[in-house]
Structure formats: C-alpha cells, structure tokens
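# Observations on chain architecture
The lines below spell out each chain.
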Amino acid sequence: MHFKYIVGILSLSAMLVGCGGAAGLPEADSVNCAGRGMELALQEFNEGGTEAERQKFIDACDALTD
C-alpha cells in the first residue's frame with residue numbers, strides 16, 4: 001500500500017522538475033516581472049543564468065510595461 005504512495009510522489013516530483021523552461025530559467029510575463037516575482041526570477045538568473053540571459057529577461061519585462 002505504501003509502495004503506491006511512494007511511486008506516486010516520485011512520479012509527481014519528476015513531472016514538476018520537468019516543467020521548467022529552456023534552461024529552467026523564468027520567462028518574462030506579468031507575474032515574473034512584478035514585485036516579488038521579479039525578485040525570485042532574478043535570483044534564478046543569478047544562480048543559473050548568464051548575464052546576457054538576465055539582461056534579455058529584464059528587457060522583455062520592460063517591453064511588457066511599455
């Protein structure tokens with residue numbers, strides 16, 4: 001019985017990990033470009049992205065607000 005729960009949790013975890021974008025970096029949208037979403041998105045770029053990718057994200061956010 002517990003085996004089914006373990007398999008279910010592992011399957012769900014694998015699906016959630018696979019939900020990221022191209023490099024697992026956030027995309028520019030209304031949630032990621034505002035307030036706390038922007039802070040979290042930029043932290044992800046600092047941890048796993050290049051400066052060029054980070055600047056591209058910021059430019060895309062700026063384009064959304066114009």
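Residues numbered from 1 in each chain as written. Predicted model: local features only at pLDDT ≥ 70, side-chain atom pairs only at ≥ 80, totals over all residues. Heavy atoms only, no water.

Quick look at the overall build of the protein now. Counting secondary structure elements, the protein contains three helices and zero strands. Along the protein, helices and strands appear, N-terminal first, in the series α-α-α. By the burial criterion, 17% of the 66 residues in the protein qualify as buried. In the protein, once contacts between residues fewer than 6 apart in sequence are set aside, the share between residues at least 24 apart is 39%. For the protein, the computed accessible surface area is about 5200 Å², with 62% contributed by carbon and sulfur atoms. (Helix = DSSP H or I, 4+ residues; strand = E, 2+ residues; numbered from the N terminus. Buried < 20%, exposed > 50% of the residue type's maximum accessible area, 1.4 Å probe, protein only. Contact = heavy atoms within 4.5 Å. Areas by Shrake-Rupley, 256 points an atom, 1.4 Å probe, with all protein chains shown as cover.)

Within soluble globular proteins, side chains that are nonpolar tend to cluster in buried spots. Grouped together as the largest cluster of nonpolar side chains are eight residues: Leu25, Cys33, Ala41, Leu42, Phe45, Phe57, Ile58 and Cys61. Broken down by secondary-structure element, the contributors of at least two residues to this core are α2 (35-48) and α3 (51-65). Setting aside residues up to four positions removed in sequence, leucine 42 forms contacts with Arg54, Phe57 and Ile58. (Core = buried A, V, L, I, M, F, W, Y, C linked by side-chain atoms within 4.5 Å.)

Turning our attention to the confidence of the model for the protein. Per-chain confidence: the protein averages 80 in pLDDT, with 80% of residues scoring 70 or above. Within the protein, the lowest mean pLDDT, 70, falls on helix α1 (residues 2-17), and the highest, 90, falls on α3. (pLDDT = per-residue confidence, 0-100.)

This next bit is on the state of the cysteines. For the structure on display, the rule yields one disulfide. Residue cysteine 33 pairs covalently with cysteine 61 via a disulfide, S to S 1.9 Å. Taking the sign of the S-S torsion, -65° for the link of cysteine 33 and cysteine 61, the bridge is left-handed. Here cysteine 61 lies in helix α3 and cysteine 33 lies in the loop between α1 and α2, a separation of 28 residues in the sequence. For the residue pair cysteine 33 and cysteine 61, the accessibility class agrees, reading buried in each case. (Disulfide = S-S within 2.5 Å.)

Moving on, we come to α3. Taking 1.5 Å of rise per residue, the 15 residues of α3 would be expected to cover 21 Å, and the 21 Å separating its terminal C-alpha atoms lies within 8% of that figure. Residues Phe57, Ile58 and Cys61 constitute the buried set of α3. Angularly, the buried residues of α3 cover 95° about the axis, an arc narrow enough to put them on a single face. Opposite the buried face of α3, at more than 90 degrees from it, the exposed residues are Ala52, Lys56 and Ala63. The secondary structure elements touched by the buried residues of α3 are α2. (Expected span 1.5 Å × (residues − 1). Arc of directions from axis to C-beta.)

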